[in-house]
Amino acid sequence: MFTKVILHNMTSVDGRLDWFPVNMELFYGLIPMWQEDATLAGADTLLAVPLEEADETQNEPSEPDQTSSDNTKPLLVVPDSKGRLRGHWHLWLKQPYWRGGVALCSKSTPSEYYEYLKQHNIDWITAGEDKVDLKAALEELGSRYGVKVVRADSGGRLNGALLRAGLVSEVSVLFSPYLVGGITPKSIFAAPDLESEEGIIQLKLLAVETLDDSVVWVRYEVVK
Ligand SMILES: NC(=O)c1ccc[n+]([C@@H]2O[C@H](COP(=O)([O-])OP(=O)(O)OC[C@H]3O[C@@H](n4cnc5c(N)ncnc54)[C@H](OP(=O)(O)O)[C@@H]3O)[C@@H](O)[C@H]2O)c1
């Protein structure tokens, strides 16, 4: 099954993801247009948000887990080969946005993480040796849950892995009116340097819009 993967990020004009204030209302307000079946969140993106006190040593749920039977809500899906979201997942699933969660694991994922997922009724897919094999995981999400549209909510590293694996269909960027600068840019596409021009990804412009008199929203299709 073909899965449409959309990257959606807000950056400074110089393409950085850090330091400048993200207009969350604007950023998340656009998301319903894609009618995503799953939010593919980067583990580090979730770990960067202070939710409540997470307890990484605790396996037992302290209260019943809040998964929703509302099938119109997307799934929350997170590649997490090292099990770093142990102690965090159940807090995310208390949020009202998702109907349930699927952890993407690999053969290197620690057994304690699977125990934690079981305790909290969180599904998982195991694909790949060290890192998660994202292509295989997306295929399994399609066949197991009927996931056809995925929006990545991630920084440069998950974006980079998806782009380098040729899995992205659309790139959406909101350019905010800030310049950040720096020599260690956290860009929307973090991946090993190219060794030839063959790896350059060509984009076809789909739309440009000005929002709130200051933000430029561009959407591109990835030319395959
Ligand atoms: N402004 C925006 O639009 C926006 C949006 C989202 C996030 N952010 C910011 O971006 C920052 C986090 O970005 P980040 O780049 O550090 O991390 P990230 O993209 O959130 O997380 C990295 C993810 O990529 C996975 N990964 C990395 N390499 C992989 C590979 N080769 N194959 C498969 N999976 C791979 C990791 O899984 P493993 O753990 O298994 O390696 C992890 O789930 C945060 O500060 C956040 O606030 C900004």
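Given the structure is predicted, the values throughout are model-derived calculations rather than measurements. (Residues numbered from 1 in each chain as written. Predicted model: local features only at pLDDT ≥ 70, side-chain atom pairs only at ≥ 80, totals over all residues. Heavy atoms only, no water.)

1. Details of the site of the ligand
Put simply, the test is: If even one non-hydrogen atom of a residue comes within 4 Å of a molecule or strand, that residue is called near it. In the analysis that follows, any N or O atom pair within 3.5 Å is treated as a polar contact, provided that within protein one partner can donate a hydrogen and the other can accept it, and provided that, for residues neighboring in sequence, both atoms belong to side chains. Surface accessibility in these figures is a Shrake-Rupley result with a 1.4 Å probe; residues are shielded only by whichever protein chains are displayed. Numbering of helices and strands starts at the N terminus; helices are DSSP runs of H or I of at least 4 residues and strands are runs of E of at least 2. Asp, Glu, Lys and Arg are counted as charged, while Ala, Val, Leu, Ile, Met, Phe, Trp, Tyr, Cys and Pro are counted as nonpolar; the rest, among them Gly, fall into the polar class.
The full set close to the ligand counts 24 residues, and Thr45, Pro79, Ser81, Arg84 and Lys131 are the nearest of them. Arg84 is positioned such that a nitrogen or oxygen atom in its side chain is 2.8 Å from an oxygen atom of the ligand. Within the backbone of Leu158, a nitrogen or oxygen atom sits 3.0 Å from an oxygen atom of the ligand. Bound to the protein, the ligand loses 82% of the 930 Å² it would expose on its own. Looking at the shell around the ligand, the elements that each hand over two or more residues are strand 1 (4-12), helix 2 (43-47) and helix 6 (156-164). Considering every element that reaches the shell around the ligand, the biggest residue donor is helix 6, with four residues. In the shell around the ligand, the residues fall into ten nonpolar, seven polar and seven charged.

2. Description of the sheet that holds strand 5 (residues 123-126)
Formally: Criterion used throughout: strands pair if DSSP finds at least two bridges between them. Orientation is described by lines fitted to C-alpha atoms, with helices fitted over the stretch in contact, and by angles between N-to-C directions that extend from 0 to 180 degrees. Should any heavy atoms of two residues lie within 4.5 Å, those residues are counted as being in contact.
Read across the sheet, nine strands follow the order 5-4-3-2-6-1-7-9-8 without closing on themselves; strand pairing throughout is mixed. Because the sheet does not close on itself, it has two edges, and the strands there are strand 5 and strand 8 (203-211). Each adjacent strand pair in this sheet contributes to an overall mean axis angle of 20°, direction not counted. Two elements, strand 3 (residues 75-79) and strand 4 (residues 100-105), share five bridges in a ladder whose sense is parallel. When the sheet's bridge partners are listed, Pro79 is paired in strand 4 with Leu104. Contacts from helix 5 (residues 134-145) reach strand 1, strand 3, strand 4, strand 5 and strand 6 (149-153), with the element oriented near 135° to strand 5.

3. A short note on the packing of aromatic side chains
Keep this limit in mind: Centre distance within 6.5 Å is the pairing criterion for rings of Phe, Tyr and Trp, where only the six-membered ring of Trp is used; planes under 30 degrees apart are then read as stacked, over 60 as edge-to-face, and the remainder as tilted.
Tallied over the entire structure, the rule returns six aromatic pairs. Between the aromatic rings of Tyr114 and Trp124, the centroid separation amounts to 5.1 Å while the plane-to-plane angle is 65°, which identifies the pairing as edge-to-face. Here Tyr114 is found in helix 4 (residues 111-119), whereas its partner Trp124 is found in strand 5, with ten residues between them in sequence. Chaining the aromatic ring pairs together yields one cluster made of Trp92, Tyr97 and Trp98.

4. Observations concerning the domain arrangement of the protein chain
Formally: Each domain's extent was defined by an automatic or database domain assignment. Once two parts are brought into contact, the accessible area they lose, counted with a 1.4 Å probe and summed over both, makes up the buried area. Salt-bridge detection follows one rule: a side-chain nitrogen of Lys or Arg within 4 Å of a carboxyl oxygen of Asp or Glu.
Looking at the assigned domains, one finds that the protein chain contains domain 1 (1-37 + 149-224) and domain 2 (38-147). Of note, the centres of domain 1 and domain 2, computed from C-alpha atoms alone, are 23 Å apart. Facing 17 residues of domain 1, the contacting portion of domain 2 comprises 17 residues. On the domain 1 side of the interface with domain 2, the three residues burying the most area are Met1, Asp37 and Leu158, jointly 34% of the side's total. Inspection of the domain 1/domain 2 interface yields one salt bridge. Here Arg157 makes a salt bridge to Asp44, at a shortest N to O gap of 2.9 Å. Scanning the region where domain 1 abuts domain 2 turns up nine residue pairs in polar contact (both at pLDDT 80 or more).

5. Notes on the pairing of strand 4
Keep this limit in mind: We call a residue buried when its accessible area falls under 20% of the maximum for its residue type, exposed when it is over 50%, and partly exposed in between, using a 1.4 Å probe and counting protein chains only. With the strands aimed away from the viewer, a crossover counts as right-handed if its path from the first strand over the helix to the second runs clockwise.
With six of six residues buried, strand 4 lies mostly within the body of the structure. Of the two faces of strand 4, both are covered, the one formed by Gly100, Val102 and Leu104 as well as the one formed by Gly101, Ala103 and Cys105. Between the parallel elements strand 4 and strand 5, the chain passes through helix 4 in a crossover that is right-handed.

6. A word on the side chain of Glu36
Here Glu36 shows up in the loop between helix 1 (24-29) and strand 2 (38-41). A distance of 2.6 Å separates the side chain of Glu36 from the side chain of Arg151, its partner in a polar contact. Those residues in contact with Glu36 that lie beyond four places of it in its chain are Ile31, Pro74, Val149 and Arg151.

7. As for the pairing of strand 9 (residues 215-222)
Two elements, strand 7 (residues 170-176) and strand 9, share six bridges in a ladder whose sense is antiparallel. Paired with Val171 across the two strands is Tyr220, which belongs to strand 9. By the bridge criterion, eight bridges tie strand 8 to strand 9 in an arrangement that is antiparallel. Bridge assignment links Glu209 to a residue of strand 9, and that residue is Trp217. Between strand 8 and the antiparallel strand that follows it, strand 9, lie three residues; Asp212 among them carries a positive phi value of about 55°.

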